[in-house]
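Survey of secondary and tertiary structure
Here are the chains, one letter per residue:
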Amino acid sequence: MAPLRRILIANRGEIAVRIIRTCRAEGLEVVVVYSEADQSEPHVKLADQAIPIGKAPAAESYLNIANIIDAARISGADAIHPGYGFLAERADFAAAVIDAGLTFVGPSPDVMRSMGVKTEARKIMEAAGVPVVPGNSDPLESAAEGRRVAEAVGLPVLLKAAAGGGGKGMRLVTSMDDLEPEFERATSEAEKSFGDGSVYIERYIDRPRHVEIQLLADGRGNVRQLGERECSIQRRHQKLIEEAPSPAVDGELRGALGRAACSAALAVGYQGAGTVEFLLAPDGKFYFLEMNTRIQVEHPITEMIFGIDLVRWQLKIASGQELDLPEHLVSRGHAIECRIIAEDPTQDFMPSPGVIEYLEIPTGPGVRWDGGVVEGCAVGLYYDPLIAKLVVWGEDREQAIGRMRVALDELTIVGIKTSQPFHRSVMRDPGFCSGSYHTGFVAESADAWCELSDADSMHFALAAALVHKQDSHRPPSAATRGAKQNLWTAQARREALRNWQQ
Amino acid sequence: MKYTASIRGKSFEIEVDGDCITLDGDPVDAELIVRGGSLYQLRVGGEITDLSLTRAADGWEVGSRGTFAVVVVEDRRSRLLRELGATAAAISRSGLVVAPMPGLVLEVSATVGKAVLEGEGLVLLEAMKMENQIKSPVAGRVEAVMVEAGQTVERGAHLATVRAEG
C-alpha cells in the first residue's frame, strides 16, 4: 500500500476539524465536503480544498455516497476518512470507496457488515470465547420462540433490533404476557427504523455500567488494547460524560476486558481503530454489547491518558504500516470528557437551535476543546446537536474533576442553551465524585441541574433591574436585531421539536 | 427609581438612584457593564460575572455559565397597575359584576334566578368596536340584573350580581 497523500474527510463539525488537524500535522493534503448550510463552518475554512456536495439535509449531502465519491474524484484524493456517524459504519459506503480505487480509513466492508448485524456479532463473539449477555443469537422466528428464550434466560428481557445499535430499537419486557405484543411492536419499529425487522433477545441487566475498550489493529495480526472508557453518564442511551480509566475497573478486570476485546478483534480480522462495548453488571461480570467499527466521539480521553493520537494511528494503519506499539501500554493520570450539546437540560434536553452570538473557550493546563463551532455559527437545525467536547486531564481523578469544574465555569456560550449546567451539576454530584454510579444515574438524579443558587438569584435580579433601567433609554434598533434572530430560532425550534418528540 | 425583581418565586426590592443602588434596603456596590449584543458584565463589589440578558415575553432572560432564568422587573407604575387589576378581581369575587370599560350593552343573557357556571357569559358589551362577553366570576345563581340591551354604561357600572353556590 502506498503512503497516503491527499485525504477527503466525509464529515463535518468537531470531528472533521479534529481529523483535519492530525492529517495536516502529518503533511497530508486535506479535502472536505460541505452542504449548503455549512459554507461558513470551521471545517471548510481549515481544509486545503472544500467541495460542495448538496443541500442542507444530511440525506442530500453528508449521506449522499455518489456525491462524496464524485468529490473525491474531482479533488484527486486517494483516501476517505468517514469520521463517526453519517456513513462511518455503512458497509456499502466503504465498498463504494474501495470500488472507486480509494483507501477507506476503517475496517473492511465485510467486518462492518458483520458487526452491524447484532446477531452476527454475537455469534462471532461467542465463538471467540467473549462473554455475551444471556439471550439468543439468531433473529427470532416468532413470539413463541421469544417466549421460550425469555423463559430460559429469565425475565426481564430486552427485545433488540438486529440492525439497531447505539441504544436504539430496544423494548423492555417485564412480564410474559407482554412478550407477544412487544415482539410485534419491536418488529414493526425495527422494520421502520432500520429496514430490517429482525429481533433477538438479551437478558436485561439492571444498574449496569457501560465500559468500552479502545482497540488498534493493523490487519496483520497485531492488536493492541488501549484501556477502557467509562460511559455510564447517559440519557436515553446517549452519552453525556465519559472518563478514563473507569473508577469501577481494577487491574485484573482491565486485563480480562482487554483480552476479551483483543479476541474479538482477531476473530473478525479487524483493521483500524475500533471499540468493543461491554456491560459491567453489579456482580462484576461483564458481557459483550456491541463493536463499533470507527473512531468514537469520546476517543480524546484515551488519547489524553496514553499520550497518543488515535487518528494518526488510523492513517498509519490505512496506509499499510505495522502497528509498532508496545504490548503493554501503561496509562498515566485521569481524563474526563463533557459533551457540550445544543439541548436544554432544564427542559428535558429539548433541542435548542440558534446562532452562537458569543463563545469563550476554556483553556489552561490539561484542558482540551474539540469544537466545531465559532461565533456566528448556526447550530442544531440539520445535524447532530454536539457542538464541542470539553476534555480535561489530571494526574488523578480528583485533579481532573477540579480542572473540569474550573473549565466549565470559564466556558461562556451566548445565543443557545447547552448541556453546560448539567455538567456543572454532575461535577459536584457526590455520586459522580465518589465514582460509584451506573447507567441509571441521569434518570435517578432528580434534575439537580435545574436549581438556581441564591447567589445567582440575587445577581440575576440585580442585573435585570439595572438593564431594565438602561433599556428605557435605548434606541429601538437593538430590539429589532433581537427580533430577527427570534424568527429564525422559532422556525428551527419547530423543526427540532418535531424530531425530538418522535 | 424603585423596582421589584421577581425570579422563581423570590422577590427583590431594588432601588437605583444615580450611582446609589440598594437591594432590599441594603446599599450594594454594583454596576452593569455593556459588552455588546446580549453580553453584559455585572460587578458586585469586587466580583465580576459575565451575563447574557435578552428580552423574554414577560421580562428578561438572564444567563450565566449556561444557567438561565427569567426575571420580571416591575417599576412602581406597572406594579400599581397590576395591583389595581388584583383589586378588580377581588371585587368580582364578591359576586358583583361591573363593566370593565365604557360601552353599549348589546345583549343580556343573565336573568334573575338563572344558574350559571364560572366563566359563563352574562352581558354582551360592545366597546372599542369589539364585542366583549362579560363573564360570571363564580359558579352560582344570578341574584340581580341592573342593565338592559340598548343601554350605554360607564366604566365600573354595575351589571349584575351572582351569588356563589356549590
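Worth saying up front: this structure is predicted, and the values here are computed from it rather than measured. (Residues numbered from 1 in each chain as written. Chains lettered and ligands numbered in written order. Predicted model: local features only at pLDDT ≥ 70, side-chain atom pairs only at ≥ 80, totals over all residues. Heavy atoms only, no water.)

A few words now on the overall build of chain B. Of regular secondary structure, chain B possesses one helix and 17 strands. Compactness check: chain B gives a C-alpha radius of gyration of 23 Å against a globular reference of 15 Å for 166 residues, more than 25% above the reference. For chain B, the spread of C-alpha atoms along the principal axes amounts to about 70 × 35 × 30 Å. Buried positions account for 39% of the 166 residues belonging to chain B. The long-range share in chain B, meaning contacts at least 24 apart out of those at least 6 apart in sequence, stands at 41%. Counting every atom, chain B has about 9500 Å² of accessible surface; 53% of that belongs to carbon and sulfur. Of the charged side chains in chain B, 18 are positive and 24 negative, and the gap between their average positions amounts to 2 Å. (Helix = DSSP H or I, 4+ residues; strand = E, 2+ residues; numbered from the N terminus. Rg over C-alpha atoms; globule rule 2.2 N^0.38 Å. Buried < 20%, exposed > 50% of the residue type's maximum accessible area, 1.4 Å probe, protein only. Contact = heavy atoms within 4.5 Å. Areas by Shrake-Rupley, 256 points an atom, 1.4 Å probe, with all protein chains shown as cover. Lys, Arg positive; Asp, Glu negative; His and termini not counted. Charge placed at Lys NZ, Arg CZ, Asp CG, Glu CD.)

This part is about the overall build of chain A. Counting its secondary structure elements, chain A contains 16 helices and 22 strands. A compact globule built from 502 residues should have a C-alpha radius of gyration of about 23 Å, and chain A, at 23 Å, falls within 12% of that. With respect to the three principal axes, the spread of C-alpha positions in chain A is 75 × 55 × 45 Å. Split into buried and exposed, the 502 residues of chain A put 56% on the buried side. Restricting to contacts in chain A with at least 6 residues of sequence separation, those with at least 24 account for 66%.

All names here are of chain A. Per the counting criterion, the structure on display carries 46 salt bridges over all chains. Between Arg5 and Asp78 there is a salt bridge; the shortest N-O distance is 4.0 Å. Linking Arg5 in the segment before strand S1 (6-9) with Asp78 in the loop between helix H3 (65-75) and strand S4 (79-81), this pair joins segments that are 73 residues apart in sequence. The exposure class assigned to Arg5 is partly exposed, which follows from its relative accessible area of 45%. Across the pair Arg12 and Glu41 runs a salt bridge, and its minimum N-O distance is 3.4 Å. (Salt bridge = Lys/Arg side-chain N within 4 Å of Asp/Glu carboxyl O.)

Attention now goes to the interface of chain B and chain A. With 42 residues of chain B in contact, the opposing surface of chain A contributes 33 residues. The junction of chain B with chain A conceals about 3400 Å² of combined surface from both sides, 66% of it contributed by carbon and sulfur atoms. Where chain B meets chain A, there are two salt bridges. Close ionic contact of Lys10 of chain B with Asp454 of chain A constitutes a salt bridge, the shortest N to O distance being 2.7 Å. Linking chain B with chain A are nine residue pairs in polar contact (both at pLDDT 80 or more), by the criterion used here. Breaking the side of chain B that touches chain A down by element, the ones donating at least two residues are strand S1 (2-7), strand S2 (10-17), strand S3 (20-23), strand S5 (30-36), strand S6 (39-44), strand S7 (47-56), strand S8 (59-64) and strand S9 (67-75) of chain B. Residue composition of the side of chain B that touches chain A, grouped by class: 25 nonpolar, eight polar and nine charged. (Buried area = accessible area lost by both parts, 1.4 Å probe. Polar contact = N/O pair within 3.5 Å; in protein donor to acceptor, adjacent residues only side chain to side chain. Nonpolar A, V, L, I, M, F, W, Y, C, P; charged D, E, K, R; others polar.)

Moving on, we come to the packing of helix H1 (residues 13-25) of chain A against helix H11 (residues 310-318) of chain A. Residue and element names in this part refer to chain A. Running from N to C, H1 and H11 point in directions that differ by 60°, and their axes come no closer than 9 Å. Helix-helix and strand crossings are classified by hand; for H1 and H11 the assignment is right-handed. When H1 is examined against H11, the residues Arg18, Ile19, Thr22 and Cys23 are found in contact with a partner set consisting of Leu310, Val311, Arg312 and Leu315. Split by residue class, the contact of H1 with H11 holds five nonpolar, one polar and two charged. (Axes fitted to C-alpha atoms, helices over the stretch in contact; angles between N-to-C directions. Left-handed = near helix turned anticlockwise from the far one by under 90°.)

All names here are of chain B. Read across the open sheet, the four strands follow the order S10-S17-S15-S12; overall the sheet is antiparallel. Every other strand in the sheet has two partners, leaving strand S10 (96-98) and strand S12 (115-116) as the edge strands with one partner each. Across two bridges, S12 lies against strand S15 (residues 140-145) in antiparallel orientation. The residue of S15 that forms the bridge with Ala115 is Arg141. (Pairing = 2+ DSSP bridges.)

Turning our eyes to something else, we now look at the sheet that holds strand S8 (residues 199-203) of chain A. Residues and elements named next belong to chain A. Reading across the sheet, the three strands line up as S7-S6-S8 and stay open at both edges, with antiparallel pairing between neighbours. With one partner strand each, in any of the chains shown, strand S7 (168-173) and S8 form the two edges of the open sheet. With direction set aside, neighbouring strand axes in the sheet form an average angle of 30°. Of the pairings in the sheet, the one linking strand S6 (residues 157-165) to S8 comprises five bridges and is antiparallel in character. Following the sheet pairing, Leu159 is matched in S8 by Ile201. Packed on one face of the sheet, helix H7 (residues 143-153) meets S6 and S8 and runs near 15° to S8. Helix H8 (residues 176-194) contacts S6, S7 and S8 of the sheet and is inclined by roughly 175° relative to S7.

Next up on the list: the side chain of Asn64 of chain A. Residue and element names in this part refer to chain A. With respect to the element layout, Asn64 can be found in the loop between strand S3 (49-52) and H3. Among the polar contacts made by the side chain of Asn64, one reaches the main-chain amide nitrogen of Ala66 at a distance of 3.3 Å. Those residues within four positions of Asn64 in sequence are excluded, and the remaining contacts are Ala58 and Ala59.

A separate point is the environment of Val414 of chain A. Mapping Val414 of chain A onto the fold places it in strand S22 (residues 412-414). The exposure class assigned to Val414 of chain A is buried, which follows from its relative accessible area of 5%. Sequence-distant contacts of Val414 of chain A, defined by excluding residues within four places in its chain, comprise Val355, Ile356, Glu357 and Tyr358 of chain A together with Ser38, Leu39 and Ser52 of chain B.

A separate point is the packing of aromatic side chains. All names here are of chain A. Applying the stated rule across the entire model yields 11 aromatic pairs over all chains. Centre to centre, the rings of Phe86 and Tyr383 are 6.4 Å apart; their planes meet at 80°, and the pair counts as edge-to-face. In this pair, Phe86 is assigned in the loop between S4 and helix H4 (91-99) and Tyr383 in the loop between strand S20 (378-379) and strand S21 (386-394), connecting sequence segments 297 residues apart. The partly exposed category is assigned to Phe86, whose relative accessible area is 27%. Residue class for Tyr383 comes out buried when judged on its relative accessible area of 11%. A centroid spacing of 6.1 Å and a plane angle of 80° characterise the contact between Phe93 and Phe104, whose relative ring orientation is edge-to-face. Taken together, the residues span a long stretch of sequence, with Phe93 in helix H4 and Phe104 in strand S5 (residues 103-104) at a distance of 11 residues. The two residues Phe93 and Phe104 agree in class, both being buried. The structure contains a cluster of three or more aromatic residues connected by ring pairs, namely Tyr62, Phe86, Tyr382 and Tyr383. (Phe/Tyr/Trp six-rings, centres within 6.5 Å; stacked < 30°, edge-to-face > 60°.)

Purely geometric stuff here, so don't read any function into it on its own.
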